[in-house]
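What follows is each chain in one-letter form.
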Amino acid sequence: MPVLPGAEPYHHEGGEVGVLLCHGFTGSPQSMRPWAEYLAERGLTVALPLLPGHGTRWQDMRITGWQDWYAEVDRALRELLERCSRVFVLGLSMGGALALRLAAGHGRSVSGIVVVNPGIKVHGVAAYALPVLRHVVPYTKGVANDIAKEGTAELGYDRVPLHSAHSLREFFRLVDAALPQVTQPLLLLHSPMDHVVPPADSARILGRVSSVDVREVLLEQSYHVATLDHDAERIFEESLAFIGRLAPTVGKKGSTTGG
(Lines give C-alpha, C1' and ligand atoms only; values in the text may rest on other atoms or scores of the structure.)
Protein backbone atom coordinates (compact mmCIF):
# COMPACT_ATOMS: atom_id res chain seq x y z
CA MET A 1 0.00 0.00 0.00
CA PRO A 2 1.23 3.54 -0.73
CA VAL A 3 2.21 5.72 2.19
CA LEU A 4 -0.44 8.26 3.17
CA PRO A 5 0.41 11.84 2.16
CA GLY A 6 2.16 13.44 5.11
CA ALA A 7 3.22 10.14 6.68
CA GLU A 8 6.48 9.87 4.77
CA PRO A 9 9.78 9.38 6.62
CA TYR A 10 12.04 12.41 6.88
CA HIS A 11 15.81 12.81 6.77
CA HIS A 12 18.08 15.83 6.83
CA GLU A 13 21.84 15.88 6.42
CA GLY A 14 23.18 18.42 8.85
CA GLY A 15 26.22 18.57 11.08
CA GLU A 16 28.07 16.25 13.44
CA VAL A 17 25.28 16.07 16.02
CA GLY A 18 22.44 13.75 15.05
CA VAL A 19 18.93 13.13 16.35
CA LEU A 20 16.68 10.14 15.82
CA LEU A 21 12.95 10.76 16.28
CA CYS A 22 10.58 7.85 16.94
CA HIS A 23 6.85 8.26 16.35
CA GLY A 24 4.05 6.55 18.26
CA PHE A 25 1.85 3.46 18.02
CA THR A 26 -0.58 3.64 15.04
CA GLY A 27 0.80 7.11 14.28
CA SER A 28 3.27 8.32 11.67
CA PRO A 29 6.17 10.74 11.16
CA GLN A 30 3.55 13.47 10.61
CA SER A 31 3.20 13.86 14.39
CA MET A 32 6.95 14.50 14.67
CA ARG A 33 7.65 16.37 11.43
CA PRO A 34 7.51 19.93 12.85
CA TRP A 35 9.92 18.89 15.61
CA ALA A 36 12.24 17.24 13.10
CA GLU A 37 12.22 20.28 10.83
CA TYR A 38 12.85 22.61 13.78
CA LEU A 39 16.02 20.69 14.68
CA ALA A 40 17.08 20.37 11.04
CA GLU A 41 16.80 24.15 10.56
CA ARG A 42 19.26 24.54 13.44
CA GLY A 43 21.91 22.43 11.78
CA LEU A 44 21.39 18.96 13.23
CA THR A 45 21.39 15.77 11.22
CA VAL A 46 17.88 14.35 11.58
CA ALA A 47 16.35 10.92 10.99
CA LEU A 48 12.61 10.33 11.35
CA PRO A 49 11.75 6.84 10.05
CA LEU A 50 8.32 5.41 9.29
CA LEU A 51 7.73 2.33 11.43
CA PRO A 52 6.69 -0.86 9.58
CA GLY A 53 2.92 -1.28 9.28
CA HIS A 54 2.32 2.41 9.93
CA GLY A 55 1.33 5.25 7.64
CA THR A 56 -0.74 3.17 5.21
CA ARG A 57 -3.79 1.28 6.54
CA TRP A 58 -4.48 -0.46 9.83
CA GLN A 59 -4.63 -3.89 8.18
CA ASP A 60 -0.94 -3.56 7.25
CA MET A 61 -0.09 -3.16 10.90
CA ARG A 62 -1.70 -6.46 11.89
CA ILE A 63 1.21 -8.45 10.48
CA THR A 64 3.89 -6.41 12.27
CA GLY A 65 5.07 -6.41 15.86
CA TRP A 66 7.51 -4.74 18.21
CA GLN A 67 10.46 -6.59 16.71
CA ASP A 68 9.76 -4.90 13.36
CA TRP A 69 9.28 -1.45 14.86
CA TYR A 70 12.39 -1.71 17.02
CA ALA A 71 14.50 -3.06 14.16
CA GLU A 72 13.66 0.01 12.08
CA VAL A 73 14.71 2.56 14.71
CA ASP A 74 17.77 0.47 15.60
CA ARG A 75 18.82 0.53 11.94
CA ALA A 76 18.30 4.29 11.77
CA LEU A 77 20.31 4.81 14.95
CA ARG A 78 23.22 2.75 13.65
CA GLU A 79 23.29 4.82 10.47
CA LEU A 80 23.40 8.03 12.50
CA LEU A 81 26.19 6.67 14.69
CA GLU A 82 28.28 6.08 11.56
CA ARG A 83 27.62 9.62 10.37
CA CYS A 84 27.63 11.69 13.58
CA SER A 85 29.94 12.19 16.58
CA ARG A 86 27.03 12.59 19.02
CA VAL A 87 23.53 11.12 18.69
CA PHE A 88 20.38 11.80 20.70
CA VAL A 89 17.16 9.77 20.61
CA LEU A 90 13.76 11.44 20.88
CA GLY A 91 10.36 9.77 21.07
CA LEU A 92 6.62 10.34 21.46
CA SER A 93 4.37 7.82 23.26
CA MET A 94 5.47 4.33 22.13
CA GLY A 95 8.31 6.16 20.42
CA GLY A 96 9.46 7.11 23.91
CA ALA A 97 9.61 3.44 24.85
CA LEU A 98 11.57 2.73 21.67
CA ALA A 99 13.99 5.53 22.61
CA LEU A 100 14.48 4.13 26.11
CA ARG A 101 15.07 0.62 24.77
CA LEU A 102 17.66 1.98 22.32
CA ALA A 103 19.39 3.84 25.15
CA ALA A 104 19.46 0.73 27.32
CA GLY A 105 20.85 -1.38 24.49
CA HIS A 106 23.39 1.03 22.99
CA GLY A 107 24.77 2.53 26.18
CA ARG A 108 27.23 5.39 25.77
CA SER A 109 26.66 5.50 22.02
CA VAL A 110 23.47 7.40 22.82
CA SER A 111 24.32 10.82 24.27
CA GLY A 112 20.88 11.65 25.66
CA ILE A 113 17.16 10.91 25.51
CA VAL A 114 14.10 13.15 25.14
CA VAL A 115 10.68 11.53 25.58
CA VAL A 116 7.22 13.10 25.33
CA ASN A 117 4.26 11.37 27.01
CA PRO A 118 6.10 8.04 26.94
CA GLY A 119 4.09 4.84 27.29
CA ILE A 120 5.36 1.94 29.38
CA LYS A 121 2.23 -0.12 30.03
CA VAL A 122 -1.00 -1.16 28.29
CA HIS A 123 -3.61 -0.22 30.87
CA GLY A 124 -7.09 -1.55 31.60
CA VAL A 125 -8.64 -4.92 32.30
CA ALA A 126 -8.85 -5.67 28.57
CA ALA A 127 -5.04 -5.71 28.37
CA TYR A 128 -4.95 -9.00 30.23
CA ALA A 129 -7.39 -10.52 27.72
CA LEU A 130 -5.28 -9.58 24.69
CA PRO A 131 -3.56 -12.99 24.31
CA VAL A 132 -6.98 -14.59 23.66
CA LEU A 133 -9.05 -11.63 22.48
CA ARG A 134 -6.75 -10.87 19.55
CA HIS A 135 -7.76 -14.18 17.95
CA VAL A 136 -11.46 -13.32 18.19
CA VAL A 137 -11.67 -9.55 17.62
CA PRO A 138 -9.45 -8.03 14.91
CA TYR A 139 -9.38 -4.45 16.19
CA THR A 140 -10.62 -1.86 18.66
CA LYS A 141 -11.13 1.90 18.37
CA GLY A 142 -8.12 4.04 17.65
CA VAL A 143 -6.09 6.15 20.06
CA ALA A 144 -4.85 8.78 17.60
CA ASN A 145 -5.63 12.49 17.56
CA ASP A 146 -5.70 13.30 21.30
CA ILE A 147 -4.96 17.01 20.78
CA ALA A 148 -6.31 20.06 22.63
CA LYS A 149 -5.47 22.56 19.89
CA GLU A 150 -8.41 23.22 17.59
CA GLY A 151 -7.86 22.75 13.87
CA THR A 152 -4.93 20.38 14.38
CA ALA A 153 -5.11 16.67 13.55
CA GLU A 154 -2.79 13.69 13.85
CA LEU A 155 -2.41 11.39 10.88
CA GLY A 156 -2.97 8.00 12.54
CA TYR A 157 -5.18 4.94 12.32
CA ASP A 158 -8.75 5.06 13.59
CA ARG A 159 -8.44 1.40 14.59
CA VAL A 160 -5.95 -0.52 16.72
CA PRO A 161 -5.19 -4.08 15.52
CA LEU A 162 -5.29 -6.30 18.60
CA HIS A 163 -2.41 -8.47 17.38
CA SER A 164 -0.30 -5.31 17.37
CA ALA A 165 -1.65 -4.21 20.76
CA HIS A 166 -0.62 -7.59 22.19
CA SER A 167 2.87 -7.16 20.77
CA LEU A 168 3.03 -3.64 22.22
CA ARG A 169 2.17 -5.03 25.66
CA GLU A 170 5.04 -7.52 25.39
CA PHE A 171 7.40 -4.76 24.29
CA PHE A 172 6.44 -2.51 27.19
CA ARG A 173 7.29 -5.34 29.60
CA LEU A 174 10.75 -5.67 28.05
CA VAL A 175 11.35 -1.93 28.19
CA ASP A 176 10.18 -1.72 31.80
CA ALA A 177 12.65 -4.45 32.77
CA ALA A 178 15.46 -2.60 30.95
CA LEU A 179 14.85 0.84 32.51
CA PRO A 180 17.57 0.43 35.19
CA GLN A 181 20.05 0.06 32.28
CA VAL A 182 19.21 3.58 31.09
CA THR A 183 22.00 5.84 32.38
CA GLN A 184 22.04 8.69 29.85
CA PRO A 185 20.81 12.23 30.53
CA LEU A 186 17.02 12.24 30.24
CA LEU A 187 14.51 14.98 29.46
CA LEU A 188 10.95 13.79 30.07
CA LEU A 189 8.02 16.00 29.08
CA HIS A 190 4.46 14.93 29.79
CA SER A 191 0.89 16.24 29.81
CA PRO A 192 -1.20 16.02 32.99
CA MET A 193 -4.29 15.93 30.73
CA ASP A 194 -3.31 12.96 28.56
CA HIS A 195 -6.23 10.74 27.52
CA VAL A 196 -4.02 7.97 26.09
CA VAL A 197 -1.11 7.50 28.49
CA PRO A 198 -1.61 8.22 32.23
CA PRO A 199 0.96 10.21 34.26
CA ALA A 200 1.78 6.98 36.11
CA ASP A 201 3.83 5.84 33.11
CA SER A 202 6.12 8.88 33.31
CA ALA A 203 6.39 8.49 37.07
CA ARG A 204 7.44 4.86 36.71
CA ILE A 205 10.08 5.72 34.12
CA LEU A 206 11.51 8.49 36.32
CA GLY A 207 11.56 6.12 39.28
CA ARG A 208 13.29 3.22 37.52
CA VAL A 209 15.95 4.70 35.23
CA SER A 210 19.52 4.95 36.53
CA SER A 211 20.09 8.35 34.91
CA VAL A 212 21.50 11.00 37.23
CA ASP A 213 20.92 13.93 34.87
CA VAL A 214 17.11 14.02 34.71
CA ARG A 215 14.66 16.85 34.02
CA GLU A 216 10.86 16.62 34.10
CA VAL A 217 8.70 19.20 32.32
CA LEU A 218 4.90 19.43 32.54
CA LEU A 219 2.97 20.30 29.38
CA GLU A 220 -0.05 21.96 30.94
CA GLN A 221 -1.72 23.11 27.72
CA SER A 222 -1.58 19.89 25.71
CA TYR A 223 -3.07 16.42 25.49
CA HIS A 224 -1.25 13.27 24.34
CA VAL A 225 0.09 14.34 20.93
CA ALA A 226 1.86 17.32 22.47
CA THR A 227 4.27 17.64 19.53
CA LEU A 228 1.32 19.03 17.51
CA ASP A 229 -0.41 20.78 20.40
CA HIS A 230 -0.17 24.10 22.25
CA ASP A 231 3.14 23.14 23.92
CA ALA A 232 4.89 22.09 20.73
CA GLU A 233 7.22 25.08 20.61
CA ARG A 234 8.19 24.51 24.21
CA ILE A 235 9.05 20.89 23.44
CA PHE A 236 11.18 21.96 20.51
CA GLU A 237 13.00 24.65 22.50
CA GLU A 238 13.53 22.49 25.57
CA SER A 239 14.93 19.63 23.48
CA LEU A 240 17.32 21.93 21.61
CA ALA A 241 18.55 23.43 24.88
CA PHE A 242 19.01 19.93 26.32
CA ILE A 243 20.99 18.78 23.28
CA GLY A 244 22.98 22.02 23.19
CA ARG A 245 23.98 21.66 26.85
CA LEU A 246 25.33 18.15 26.24
CA ALA A 247 26.79 18.90 22.82
CA PRO A 248 27.96 22.53 23.07
CA THR A 249 28.87 22.74 19.37
CA VAL A 250 25.18 22.78 18.39
CA GLY A 251 24.40 25.99 16.55
CA LYS A 252 28.03 27.11 16.38
CA LYS A 253 29.24 28.15 12.95
CA GLY A 254 31.36 25.50 11.27
CA SER A 255 30.21 22.73 13.60
CA THR A 256 26.70 21.34 13.30
CA THR A 257 25.48 23.65 10.56
CA GLY A 258 25.45 22.00 7.19
CA GLY A 259 23.48 21.14 4.07
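Model, not experiment: these values are computed from the prediction. (Residues numbered from 1 in each chain as written. Predicted model: local features only at pLDDT ≥ 70, side-chain atom pairs only at ≥ 80, totals over all residues. Heavy atoms only, no water.)

J.: Is there a simple way to think about unusual backbone geometry in this case?
T.: Backbone geometry follows two general trends: most residues other than glycine have a negative phi, and most peptide bonds adopt the trans configuration. One non-glycine residue with positive phi stands out, namely Asn 117, at about 45 degrees. For Asn 117, the location among the structural elements is in the loop between strand E5 (112-116) and helix H5 (130-133). (Helix = DSSP H or I, 4+ residues; strand = E, 2+ residues; numbered from the N terminus.)

J.: Could you clarify how one ought to interpret empty space enclosed by the protein in this entry?
T.: Here the idea is plain: a probe the size of a water molecule rolls over the atoms and shows the empty space left. Tallied over the entire structure, the rule returns one cavity of 30 Å³ or more. Looking at the largest cavity, the residues that line it are Asn 117, Pro 118, His 190, Ser 191, Asp 194, Val 197, Pro 198, Pro 199 and Ser 202. Residues that form the lining of the largest cavity fall into these classes: four nonpolar, four polar and one charged. (1 Å grid on protein atoms, 1.4 Å probe; cavity = no way out; pocket = protein on both sides within 12 Å on 5 of 7 lines; lining within 4 Å. Points joined across faces, edges and corners; volume = space filled by probe spheres on them. Nonpolar A, V, L, I, M, F, W, Y, C, P; charged D, E, K, R; others polar.)

J.: How do you make sense of the packing of helix H4 (residues 94-106) against helix H6 (residues 162-178) when you look at a structure like this?
T.: Any two packed helices are characterised by how steeply their axes cross, that is the angle between the axes, and by the distance between the axes. Running from N to C, H4 and H6 cross one another at 45 degrees; their axes reach a closest spacing of 10 Å. Relative to H6, the element H4 is oriented oblique. Of the two possible hands of crossing, H4 and H6 adopt the one that is left-handed. Taken together, the residues of H6 that come into contact with H4 (itself represented by Met 94, Ala 97, Leu 98, Leu 100, Arg 101 and Ala 104) are Leu 168, Phe 171, Phe 172, Leu 174, Val 175 and Ala 178. (Axes fitted to C-alpha atoms, helices over the stretch in contact; angles between N-to-C directions. Parallel < 35°, antiparallel > 145°, perpendicular 65-115°, else oblique. Left-handed = near helix turned anticlockwise from the far one by under 90°. Contact = heavy atoms within 4.5 Å.)

J.: Explanation requested: the nonpolar core in the structure shown.
T.: What tends to happen in soluble globular proteins is that the nonpolar side chains get buried as a cluster. Formed by 44 residues in total, the largest nonpolar core has its most connected members in Leu 20 and Ile 113. If you list the elements that add at least two residues to this core, you get strand E2 (17-22), helix H2 (58-61), helix H3 (66-83), strand E4 (86-92), H4, E5, H6 and strand E8 (186-190). When residues of this core are assigned to their parent elements, the largest contribution, eight residues, is made by H4. Non-local contacts of Ile 113, meaning those with residues more than four positions away in its chain, are made with Val 89, Ala 99, Leu 100, Ala 103, Val 182, Gln 184, Pro 185, Leu 186, Leu 187 and Phe 242. (Core = buried A, V, L, I, M, F, W, Y, C linked by side-chain atoms within 4.5 Å. Buried < 20%, exposed > 50% of the residue type's maximum accessible area, 1.4 Å probe, protein only.)

J.: So what exactly am I meant to see when it comes to the sheet that holds strand E3 (residues 45-48) here?
T.: Strand-to-strand pairing in sheets goes through backbone hydrogen bonds, with the strands running parallel or antiparallel. Pairing is mixed across the open sheet formed by seven strands, whose spatial order is E1-E3-E2-E4-E5-E8-E9. At either margin of the open sheet sits one strand with a lone partner, and together these are strand E1 (10-12) and strand E9 (214-218). The mean angle between the axes of side-by-side strands here comes to 15 degrees, regardless of whether they run parallel or antiparallel. Relative to E3, E1 is paired through three bridges, and the arrangement is antiparallel. Note that in E3 the partner of Tyr 10 across the bridge is Leu 48. Its contacts with the sheet put H3 on E2, E3 and E4, and the angle it makes with E2 is roughly 175 degrees. Set on the sheet, helix H7 (residues 199-208) makes contact with E8 and E9; between it and E8 the angle comes to about 165 degrees. (Pairing = 2+ DSSP bridges.)

J.: What is the right way to read the pairing of E9 from this model?
T.: As a general feature of sheets, a regular strand has side chains that alternate between the two faces. Here E8 pairs with E9 via five bridges, running parallel. When the bridges of E9 are listed, Leu 188 appears paired with Glu 216. Traced from E8 through H7 to E9, the parallel crossover comes out right-handed. (Right-handed = clockwise from strand over helix to strand, strands pointing away.)

J.: What's the story with the packing of H3 against H4 in this structure? I'm lost.
T.: H4 packs onto H3 with a crossing angle of 60 degrees between their chain directions and a minimal axis gap of 10 Å. As judged from the angle between their axes, H3 and H4 are oblique. Between H3 and H4 the crossing geometry is right-handed. Across from Trp 66, Trp 69, Tyr 70, Val 73, Asp 74, Leu 77, Arg 78 and Leu 81 in H3, the residues of H4 making contact are Met 94, Leu 98, Arg 101, Leu 102 and His 106.

J.: Can you help me understand the packing of aromatic side chains in this one?
T.: Within a pair of aromatic rings, the relevant descriptors are the distance that separates the centres and the angle that separates the planes. Using the criterion set out here, one finds six aromatic pairs in the structure. Measuring from ring centre to ring centre gives 6.4 Å for Trp 35 and Phe 236, while their planes differ by 20 degrees; the resulting arrangement is stacked. Of this pair, Trp 35 sits in helix H1 (residues 33-41) while Phe 236 is found in helix H8 (residues 232-246), placing the two residues 201 residues apart along the sequence. Side by side, Trp 35 and Phe 236 carry an identical accessibility label, which is buried. Here Phe 88 and Phe 242 contribute two aromatic rings whose centre-to-centre distance is 6.4 Å and whose plane-to-plane angle is 75 degrees, an arrangement assigned as edge-to-face. On the criterion of sequence distance, the pair formed by Phe 88 in strand E4 and Phe 242 in helix H8 is long-range, its members being 154 residues apart. Over the ring of Tyr 38 we find Arg 42; its NZ or CZ atom is 3.6 Å from the centre of that ring. Here the guanidinium or amino end of Arg 101 rests over the ring plane of Tyr 70, the centre of that ring lying 5.3 Å away. (Phe/Tyr/Trp six-rings, centres within 6.5 Å; stacked < 30°, edge-to-face > 60°. Lys NZ or Arg CZ within 6 Å of the ring centre and 35° of its normal.)

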